[in-house]
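A look at the structure
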Amino acid sequence: MSVATNSLSSEQLVFKGLKQGLTLFIPEEKAFTYWLGVLDEQLERAKTFFQGGSILVELGDRKLSPSELSDLKAVLAKYQMTIKAFNPLAKKLFSPRTKPEEPEPGGVLLFKGTVRNGQRLEYNGDIVVKGDVNPGGELIATGDIIVLGVLRGIAHAGVRGNLEAEIIALTLAPVQLRIAHIYSRAPEGMEAGQGPEIAHIKGETIVVERL
Amino acid sequence: MAARVIVVTSGKGGVGKTTTVANLGTGLALRQKKVVMIDTDIGLRNLDLLMGMENRICFDLINVVENECRSYRQALIKDKRVENLYLLPASQIKNKDALKAEQMIKLVEQLKEEFDYILIDSPAGIESGFENAVAPATEAIVVTNPEVPAVRDADRIIGLLQAKKIYEPMLVLNRLRSDMVKKRDMLDVDDINDILAIKLLGVVPEDEQIIVATNKGEPVVFNQQSKAGEAFRNIVRRLEGEAVPFMSFNTEPGVFGRFWKMLHGK
């Protein structure tokens, strides 16, 4: 297939219109100088189409040396093109997955009063409510949730995936309980238990027990 | 003069906000307080109907805030039955966007000079209309009915009021039917107190006389025979700081009633 490298039709660089703008994809395989040659030929043929544009360049994992970068800029400059930014895909797909923030150790949010319908408490750590959580109220914590009152709303403990997280309430009568990725709701028509209860994960489900 | 500026609101529609404003306004005026009721339900005005004042409207709230009349006094409608009772009606042809919160605050600042009570009738919902009604108020009455959606919305409203620094709103529970509560078919006062946990100002029983009063344009608080009228009179007294025991809505017949039943075999 070595002949094909000179054939104009077989290997071409891909330009794609992404949300961020027109993007040139340079594969990670083969030498960078090879692709520069291909690019030069391609732009030569489509001069008028690309002329004067500012584009994005997607390199994948390839790293460019300073000289490679200036070569690329030189080729593009021949056709009055400039580089707006590099690797538009990386920001979108990979950055949110890198290292979630760790909860601050021992961080506790103490809330005094009623968490009402439409109100939401979110905290990176544990949440303690000295009062009730009404239907429509939400508590979201990366750690444990403790309600010194009636929990009637929604509680989501261990929201970043902490399976050890627990939900404790003096009266547990929630619309829904969530721990890590597991959701559960009270069975229809079940009365709230008397006295304090604790909810935690056993196996693949959330179980509620007397405290 | 230290006027009390009270917004009457509910979130949910149709629970009796306007009825409450009409009766509290009238009840306070009957106690020689100088009262103005402001209808902020622009486009859906009703308070004038409940007060029987519809045919006397010349200028409205929007005319006042847009300076289209000489002063707010020109727009105020004076009640013919009670001294010291005035209504500032809503505009019927504009919509909620015609009013701004700053305009309400400015207007109420002027009214404070002249009145003891400024009652603001809020529209349903939690959008701009609600915001405008709450903006000038320093106290709030939340009206709800003994049913789950109304209580949920009241809870939401209480949260929103607290966010606006009205930390201790008062509750009026309207349209309670003791026969249904007894059969556990309706939430009772305790259920609602448990959830909302704010000061209960009063409980108004379901009463046909309300419908009659609404259609006649004569607030039920005038009616000495009506249970609802009595409930509103009690609410007025509590609002004024009197300790009034809550009415019993026991519909069980008393000794005489039982005797009567025996005689009539019912």
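We now turn to the structure provided with this report. (Residues numbered from 1 in each chain as written. Chains lettered and ligands numbered in written order. Predicted model: local features only at pLDDT ≥ 70, side-chain atom pairs only at ≥ 80, totals over all residues. Heavy atoms only, no water.)

1. Quick notes on the sheet that holds strand β1 (residues 4-9) of chain B
All names here are of chain B. The cut-off we apply is this: Pairing between strands is defined by DSSP: at least two bridges between the two strands are required. Helix and strand definitions here come from DSSP, where helices need a minimum of 4 consecutive H or I residues and strands a minimum of 2 consecutive E residues; each element is numbered from the N-terminal end. By definition in these notes, contact holds between two residues if any of their heavy atoms fall within 4.5 Å. Axes, fitted as lines to C-alpha atoms, cover a helix only where it is in contact. Angles between the N-to-C directions of the axes lie from 0 to 180 degrees.
Sheet architecture is open: 8 strands sit in the order β3-β4-β2-β5-β1-β6-β7-β8, paired in mixed fashion. Each end of this open sheet is capped by a strand with a single partner; those strands are β3 (77-78) and β8 (199-205). The strands touched by helix α1 (residues 17-30) are β1, β2 (35-39), β4 (85-88), β5 (117-121), β6 (139-144) and β7 (170-176); relative to β5, the strand with the most contacts, the crossing angle is about 165°. Docked against the sheet, helix α9 (residues 189-196) engages β6, β7 and β8, running at close to 150° with respect to β7.

2. Looking at the interface of chain B and chain A
For clarity, the cut-off: Throughout, the accessible surface (probe 1.4 Å) given up by two parts as they are put together, summed over both, is called the buried area. Salt bridges are defined as contacts in which a side-chain nitrogen from Lys or Arg sits within 4 Å of a carboxyl oxygen from Asp or Glu. Think of a polar contact as two N or O atoms within 3.5 Å of one another; within protein, one of them needs to be a possible hydrogen donor and the other a possible acceptor, and neighboring residues in sequence only count if both atoms come from side chains.
Each partner contributes residues to the interface: chain B has 12 residues there, and chain A has 8 residues. Interface area for chain B against chain A, summed over the two sides, is near 850 Å², with a carbon-plus-sulfur share of 39%. Considering only the side of chain B, the residues that lose the most area to chain A are B:R152, B:D155 and B:I195, jointly responsible for 54% of the buried surface there. Run the count over chain B and chain A and you get 1 salt bridge. For B:D155, the salt bridge identified is with A:R116, shortest N-O distance 2.8 Å. At the surface where chain B touches chain A, the tally comes to 6 residue pairs in polar contact (both at pLDDT 80 or more). Contributing elements (two or more residues each) for the side of chain B that touches chain A: α7 (148-163) and α9 of chain B. When residues of the side of chain B that touches chain A are assigned to their parent elements, the largest contribution, 7 residues, is made by α7(B).

3. Focus on the packing of helix α1 (residues 32-45) of chain A against helix α3 (residues 66-78) of chain A
Residue and element names in this part refer to chain A. Cut-off, in case you're wondering: Note on angle classes: values under 35 degrees are labelled roughly parallel, values over 145 roughly antiparallel, values of 65 to 115 roughly perpendicular, and the remainder oblique. Residue classes follow a fixed rule: Ala, Val, Leu, Ile, Met, Phe, Trp, Tyr, Cys and Pro count as nonpolar, while Asp, Glu, Lys and Arg count as charged, and any other residue, Gly among them, counts as polar.
One can describe the packing of α1 onto α3 by two numbers: an axis separation of 10 Å at closest approach and a directional angle of 5°. As summarised for this structure, α1 and α3 are arranged roughly parallel, according to the angle between their axes. Residues F32, L36, L39, D40 and L43 of α1 touch α3, and the partners they reach there are E68, D71, L72, V75, L76 and K78. Considered class by class, the residues forming the contact of α1 with α3 number 7 nonpolar, no polar and 4 charged.

4. Comments concerning the packing of aromatic side chains
Both the distance between ring centres and the angle between the ring planes are used here to describe each pair of aromatic rings. Where we set the bar: Geometry of aromatic contacts follows a simple scheme: Phe, Tyr and Trp rings, the Trp one being its six-membered ring, pair when their centres are within 6.5 Å, and the pair is stacked under 30 degrees between planes, edge-to-face over 60, tilted otherwise. Using a 1.4 Å probe on the protein chains alone, a residue whose accessible area is under 20% of its type maximum counts as buried, one over 50% counts as exposed, and one in between counts as partly exposed. Only when the NZ atom of a Lys or the CZ atom of an Arg is both within 6 Å of the ring centre and within 35 degrees of the ring normal do we say a charge sits over the ring.
For the structure shown, the criterion picks out 2 aromatic pairs over all chains. Relative to B:F115, the ring of B:Y86 lies with its centre 5.7 Å away and its plane at 75°, an arrangement referred to as edge-to-face. Remark: B:F115 occurs in the loop between α5 (101-112) and β5 and B:Y86 occurs in strand β4; sequence separation between them is 29 residues. For the pair B:Y86 and B:F115, one class covers both residues: buried. The ring centre of A:F25 lies 5.3 Å from the NZ or CZ of A:K16, which sits over that ring. The ring centre of B:F246 lies 4.0 Å from the NZ or CZ of B:R238, which sits over that ring.

5. What about the side chain of B:R238?
We count it as follows: Charged residues are defined narrowly, with Lys and Arg counted positive, Asp and Glu counted negative, and His plus the chain ends left uncounted.
Mapped onto the elements of the fold, B:R238 is located in helix α11 (residues 227-239). No salt bridge is formed by the buried B:R238. Its closest oppositely charged neighbour is B:E230, at 8.5 Å.

6. Some details on unusual backbone geometry
Residue and element names in this part refer to chain B. In this model, N67 sits at a positive phi of 55°, which is unusual for a non-glycine residue. Checked against the element boundaries, N67 lands in the loop between α3 (61-65) and α4 (72-75). The backbone of R184 shows a phi angle near 60°, a positive value even though the residue is not glycine. Residue position: R184 is located in the loop between α8 (178-182) and α9.

7. Some words on the nonpolar core
Residue and element names in this part refer to chain B. What counts is decided by this rule: The definition of a nonpolar core used throughout is a set of buried Ala, Val, Leu, Ile, Met, Phe, Trp, Tyr and Cys residues joined through side-chain atoms within 4.5 Å.
In this structure, I38, L61, L88, L111, I118, I120 and L161 are the most contacted members of the largest nonpolar core, which totals 48 residues. Examining the composition of this core, we find that 5 residues originate from one element, α7, more than from any other. Ignoring sequence-local partners within four residues, the contact set of L88 consists of V36, M37, I38, D39, D60, L61, V64, A75, L76 and L107. Formed by 39 residues, the second largest nonpolar core is a distinct cluster that contains V8, L47, V143 and V236.

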